[in-house]
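Fold and contact review
The residues making up each chain are set out below.
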Amino acid sequence: MRGGGSDPVREAARLLAERRNAVALTGAGISVESGIPSFRGAQGLWGKYDPMEYATLHAFMRSPGKVWEMLSEMISVCGFASPNAAHAGLSALEKMGVVRAVITQNVDGLHQAAGSRRVIEYHGNLDELICVYCWKLFETRKRWVIGEVPLCDCGQILKPNVVLFGEPIPWPAQEQAEEEARTCGVLLVIGTSAQVSPACDLPRIAKESGAAVVEINPEPTQLTRSVADVYIPGTASDIVTRLVGLLKHPSPGTGGH
Ligand code: OAD
């Protein structure tokens, strides 16, 4: 792992300016500053809800009403959240021609709300509900009311169109994400603990294909030593805002726009 001299943010800005065709891979950490708790860690959702009981397809098929306790909380929290400076910064980097796509594990829709246009939703999103019996799709806001379990026209309980443990990644998202990882110049990995496969394989795929991997996270992860070329300890909003500033107003050594 390179530290980029004394300032890894400048090193990351230099890589982005030189190579330009960057892709971001984001996780729950990027939405923490929007008020959405992450999954792991002290305040994480999986501390309150055991994922084996609340977040597997098997658990949903066995007791959908129970799984909806967790899902209702997620939909409510995400529904009240707004994009933060990190989401806005990635959208700005796309408009500047620096970032070409965002691959997100998040289901909160905040990248799109911030104006990012090319967003690959690796784990689906909460906007839609799907019937796992007849595959009919519904808009969540039209079909779900808080405190109730939404039903399909066929009478079965609907599931948000998100990936639960035990479900495959939607094929188009997986294919597009791997293609982006294989062909990008820089992969910006922001706010993910990199513990969930296959999303956690994308940084290694990018690196093996020649990309520089820049990791932004207040805590080191398993990627920090093994895969990251540049590790930037810090919060997503602070670091992404600084990167946008450096790329908009380059100084010698940063290259830039
Ligand atoms: P995690 O909760 O596992 O990890 C969140 C990461 O964000 C941690 O590494 C934190 O250190 C970091 N973090 C916290 N605050 C941050 C901030 N302000 N700025 C930047 N980083 C911060 O979340 P994910 O890695 O996204 O999947 O979890 C991956 C998947 O596990 C989720 O998509 C979900 C979950 O189970 C499914 O439900 C299928």
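So, how was this worked out
All chains use their own residue numbering, which begins from 1 and follows the written sequence. Note on the predicted model: pLDDT of at least 70 is required for a residue's local features to be given, and 80 or more for side-chain atom pairs to be given and counted; whole-chain, interface and lining totals, by contrast, use all residues. Each side-chain value is worked out from all heavy atoms of the structure, with water and hydrogens disregarded. The helix and strand labels rest on DSSP assignments: H or I over at least four residues marks a helix, E over at least two residues marks a strand, and numbering proceeds from the N terminus. For this measure, only C-alpha atoms enter the radius of gyration; the expected value for a globule follows 2.2 Å times N^0.38, where N is the number of residues. We call two residues in contact whenever any of their non-hydrogen atoms come within 4.5 Å of each other. Residue exposure ignores everything except the shown protein chains as possible cover, and the areas themselves are Shrake-Rupley values with a 1.4 Å probe. Whether a residue is buried, partly exposed or exposed follows from its accessible area with a 1.4 Å probe, protein chains only, as a fraction of its type maximum: under 20%, in between, or over 50%, in that order. Residues adjacent in sequence count toward polar contacts only when both atoms are side-chain atoms; beyond that, a polar contact is any pair of N or O atoms within 3.5 Å, and within protein one must be able to donate a hydrogen and the other to accept it. Salt bridges are identified by distance alone: a Lys or Arg side-chain nitrogen within 4 Å of an Asp or Glu carboxyl oxygen. Pairing of aromatic side chains here covers Phe, Tyr and the six-membered ring of Trp, requires ring centres within 6.5 Å, and sorts the geometry by plane angle: under 30 degrees stacked, over 60 edge-to-face, intermediate tilted. Charge-over-ring placement is defined geometrically: NZ (Lys) or CZ (Arg) within 6 Å of the ring centre, and within 35 degrees of the ring normal. Buried Ala, Val, Leu, Ile, Met, Phe, Trp, Tyr and Cys residues that are joined via side-chain atoms within 4.5 Å together make up what is termed a nonpolar core. At least two DSSP bridges between two strands are required for those strands to pair. Interaxial angles span 0 to 180 degrees and are taken between N-to-C directions of axes, which are lines fitted to C-alpha atoms, for helices over the stretch in contact.

This brings us to the overall build of the protein. Counting its secondary structure elements, the protein contains 13 helices and nine strands. For 257 residues, the compact-globule formula gives about 18 Å, and the C-alpha radius of gyration of the protein, at 19 Å, lands near that figure. Across its three principal directions, the C-alpha atoms of the protein cover 65 × 35 × 30 Å. Sequence separation of 24 or more characterises 66% of the internal contacts of the protein that already satisfy a separation of 6 or more. Carbon together with sulfur atoms contributes 54% to the accessible area of the protein, which is approximately 11600 Å² in total.

Its place among the elements puts S209 in the loop between α11 (202-208) and β8 (212-216). Judged by its relative accessible area of 37%, S209 falls in the partly exposed class. For the pair S209 and I190, spaced 19 residues apart in the sequence, the C-alpha separation amounts to 19 Å. Of note is the side chain of S209, whose polar atom sits 2.8 Å from the backbone oxygen of I205.

Scanning the entire structure with this criterion turns up 17 salt bridges. Residue R14 pairs with E11 through a salt bridge whose shortest N-O separation is 3.0 Å. Linking R14 with E11, this pair stays in helix α1 (residues 8-19), spanning three residues, or about one helical turn. Classification of R14 by relative accessible area gives partly exposed; the value is 23%. Between K48 and E73 there is a salt bridge, with its nearest N and O atoms 2.9 Å apart.

We now examine the packing of aromatic side chains. Applying the stated criterion across every chain yields a total of four aromatic pairs. Aromatic side chains Y49 and Y54 sit 4.8 Å apart centroid to centroid with 65° between the ring planes, which places their arrangement in the edge-to-face category. Assessed through its relative accessible area of 8%, Y49 is described here as buried. According to the relative accessible area criterion, Y54 is buried, its value standing at 13%. Its guanidinium or amino end placed over the ring of Y54, K66 lies 5.1 Å from that ring's centre, counting from NZ or CZ.

Residues L188, V214, I216 and L243 are the most contacted members of the largest nonpolar core, which totals 31 residues. Broken down by secondary-structure element, the contributors of at least two residues to this core are α1, β1 (22-26), α7 (85-95), β2 (99-104), β7 (186-190), β8, β9 (230-232) and α13 (236-248). Looking at this core element by element, the count peaks at seven residues for α13.

Here we take up the sheet that holds strand β6 (residues 159-162). Strand order in the open sheet formed by three strands is β5-β4-β6, with antiparallel pairing between adjacent strands. At either margin of the open sheet sits one strand with a lone partner, and together these are β5 (137-139) and β6. Taking each pair of neighbouring strands and ignoring which way they run, the sheet shows an average axis angle of 50°. Across three bridges, strand β4 (residues 124-130) lies against β5 in antiparallel orientation. Paired with I130 across the strands is L137, a residue of β5. Packed on one face of the sheet, helix α6 (residues 64-80) meets β4 and β6 and runs near 125° to β4.

What follows covers unusual backbone geometry. Glycine aside, residues mostly have negative phi, and peptide bonds are mostly found in the trans state. Look at the link from S197 to P198: it is a cis peptide, with omega at 5°. Positive phi, close to 65°, is recorded for R20, a residue that is not glycine. One can find R20 in the loop between α1 and β1. The backbone of A194 shows a phi angle near 55°, a positive value even though the residue is not glycine. If you trace the backbone, A194 turns up in the loop between β7 and α11. Given a relative accessible area of 4%, A194 falls into the buried group.

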